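Survey of secondary and tertiary structure
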Amino acid sequence: MKKLCFKSISHIKVNALACQIRGEEPVTKRIRKPFFRRCFLEPAGRMRYDFDFPKNPVQISFLFLKEIKEFMLKIWGRANSVNVQKAVWATAETGVAFERVDAGMAFGKNNEDWYLELNPNGKIPLLQHEGFSLWESNVIVRYLCQTFSMGKLCPEEVELRFLAEQWMDWTVSELGPAMHPVFWGLVRTPPEKRNQQAIESGIKACIRLFTMLDKHFQHSGFVCGSDFTMGDIPAGAMAYRWFNMEIDRPALKALQEWYEKLLKRPAYRDHVVMPLT
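A brief structural summary. Here the residue index of a chain counts from 1 through its sequence in written order. A pLDDT threshold of at least 70 governs which residues receive local features in this predicted model, and a stricter bar of 80 or more applies before side-chain atom pairs are shown or counted, although totals over entire chains, interfaces and linings include all residues. Remark: hydrogens and water are excluded; side-chain values derive from all non-hydrogen atoms of the structure.

A run of DSSP states H or I qualifies as a helix once it reaches four residues; a run of E qualifies as a strand once it reaches two. Both are numbered from the N-terminal end. For Thr171, the position within the fold is in helix H7 (residues 158-187). A polar contact of 2.6 Å, which involves the side chain of Thr171, links it to the backbone oxygen of Met168. Any two residues having at least one pair of non-hydrogen atoms within 4.5 Å are treated as being in contact. When sequence neighbours within four positions are dropped, the list of residues in contact with Thr171 reads Asn138, Gly176, Pro177, Pro234, Ala235 and Met238. By the criterion applied in these results, polar contacts are pairs of N or O atoms within 3.5 Å in which, for protein atoms, one can donate a hydrogen and the other can accept it, and in which residues neighboring in sequence qualify only through two side-chain atoms.

This is the structure in structure tokens:
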């Protein structure tokens with residue numbers, strides 16, 4: 001019996017193909033899903049498993065296709081949710097393969113028992129990655145950037161890292177609550193049912209907050225200096241809504257220039273730029 005130690009699906013697949021090319025005897029235990037779960041839940045341990053691979057490399061690729069898809073990074077949530085957009089945009093920026101599955105509102109799923117076991121909040125987005133589940137959109141953005149883009153999207157320098165996180169949390173505590181009555185009132189509420197006072201109050205609060213961000217950009221091209229980082233993602237997703245609702249906005253030059261730089265990013269155009277619904 002040939003015993004091999006693997007730490008990832010990619011490692012397994014490459015080793016399997018190499019065995020076929022070298023004409024080596026296939027090992028003799030069938031791959032099962034529980035193996036992958038154990039492999040990812042205990043990545044630091046010394047694990048040895050026996051495998052039985054098909055002799056045809058095409059069969060090998062087909063065998064792994066379903067398993068790889070199951071452990072591919074998956075994001076649950078509808079495309080028009082700003083919180084889902086943050087997570088999907090961040091993932092696309094890293095270049096990692098992922099799948100987004102519609103959930104929430106008309107799509108349902110987020111109130112089903114299996115979903116609530118993974119995300120007791122019952123909200124979107126929900127991230128699944130290699131047997132690990134995570135919720136709360138800004139936390140998902142941090143996880144993605146640190147896991148797949150440390151030193152780039154997630155700054156390694158402590159001061160820059162926490163500057164990014166400061167503005168990320170600011171969008172949750174300040175900008176998001178201000179934007180909510182404006183967006184929901186103008187986009188998702190029929191005119192006859194709108195609370196105009198709440199909308200106007202929200203617009204006033206958003207102007208104050210975007211003016212604050214504009215002043216920051218007068219000294220910094222992005223949230224963290226001259227480079228795009230995870231700090232730009234939450235505010236950037238909300239900025240698209242701000243610039244595309246039918247409201248009167250003050251001219252904020254630095255904010256406008258930052259927004260125009262975001263529009264040049266393919267991942268932003270693919271996952272944030274869309275009709276407001």
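Additional details are given in the paragraphs that follow.
Examined against the element boundaries, His271 turns out to sit in helix H11 (residues 266-271). Along the chain, His271 and Gln85 lie 186 residues apart, while their C-alpha atoms are 6.1 Å from each other. Here His271 is in contact with Gln85, Val88, Trp89, Ala92 and Phe98, once residues within four sequence places are set aside.

Further remarks concern the packing of aromatic side chains. Ring geometry is summarised as follows: Phe, Tyr and Trp rings, the Trp one being its six-membered ring, pair when their centres sit within 6.5 Å, and such pairs are stacked at plane angles under 30 degrees, edge-to-face over 60 and tilted between the two. Using the criterion set out here, one finds ten aromatic pairs in the structure. With a centroid separation of 4.9 Å and an interplanar angle of 75°, the aromatic rings of Trp167 and Trp170 are classed as edge-to-face. Of this pair, Trp167 and Trp170 both sit in helix H7, separated by three residues, roughly a single helical turn. For the residue pair Trp167 and Trp170, the accessibility class agrees, reading buried in each case. The cut-offs for exposure are 20% and 50% of the maximum accessible area for each residue type, with area from a 1.4 Å probe on protein chains only; residues under the lower value are buried, those over the upper are exposed, and the others partly exposed.

Next up on the list: unusual backbone geometry. A cis amide bond links Ile124 with the next residue in sequence, Pro125, at an omega value of 5°. In this fold, Pro125 is placed in the loop between helix H5 (113-118) and strand S3 (126-129). Phi is positive for Glu130, which is not a glycine, with a value near 55°.

All right, on to the sheet that holds strand S4 (residues 132-135) then. Two strands pair under a simple rule: DSSP has to find at least two bridges between them. What the four strands build is an open sheet, ordered S2-S1-S3-S4; its pairing is mixed. Across the chains shown, the open sheet's two edge strands, defined by having one partner strand only, are strand S2 (98-101) and S4. For this sheet, the mean inter-axis angle between neighbouring strands, taken without regard to orientation, is 20°. Here strand S1 (residues 73-76) runs beside S2; their pairing, made up of four bridges, is parallel. What sits directly across from Ile75, in S2, is Arg100. For every element, the axis is a line fit to its C-alpha atoms; helices are fit only across the contacting stretch, and the angle between N-to-C directions ranges from 0 to 180 degrees. Where helix H4 (residues 82-94) meets the sheet, its contacts fall on S1 and S2, and the angle it forms with S1 comes to roughly 160°. Against the sheet, helix H6 (residues 137-148) makes contact with S1, S3 and S4, and its axis sits at roughly 135° relative to S4, the strand it touches most.

Turning next to the packing of H7 against helix H9 (residues 232-244). Running from amino to carboxyl end, H7 crosses H9 at an angle of 20°, the nearest separation of the two axes being 10 Å. Our classification of the angle between H7 and H9 gives roughly parallel. Where H7 crosses over H9, the handedness of that crossing is left-handed. Contact with H7, carried on its side by Met168, Thr171, Leu175, Gly176, Met179 and Phe183, involves Pro234, Ala235, Met238, Arg241 and Trp242 of H9 and no other residues of that element. Each residue receives one of three labels: charged for Asp, Glu, Lys and Arg, nonpolar for Ala, Val, Leu, Ile, Met, Phe, Trp, Tyr, Cys and Pro, and polar for the others, Gly being one of them. Split into classes, the residues belonging to the contact of H7 with H9 amount to eight nonpolar, two polar and one charged. Orientation is classified from the angle alone, with under 35 degrees giving roughly parallel, over 145 giving roughly antiparallel, 65 to 115 giving roughly perpendicular, and any other angle giving oblique. By the definition used in this description, the sense in which the near helix is turned from the far one sets the handedness, with an anticlockwise turn below a right angle giving left-handed and a clockwise turn giving right-handed.

No statement about biological role is implied by the geometric values presented.
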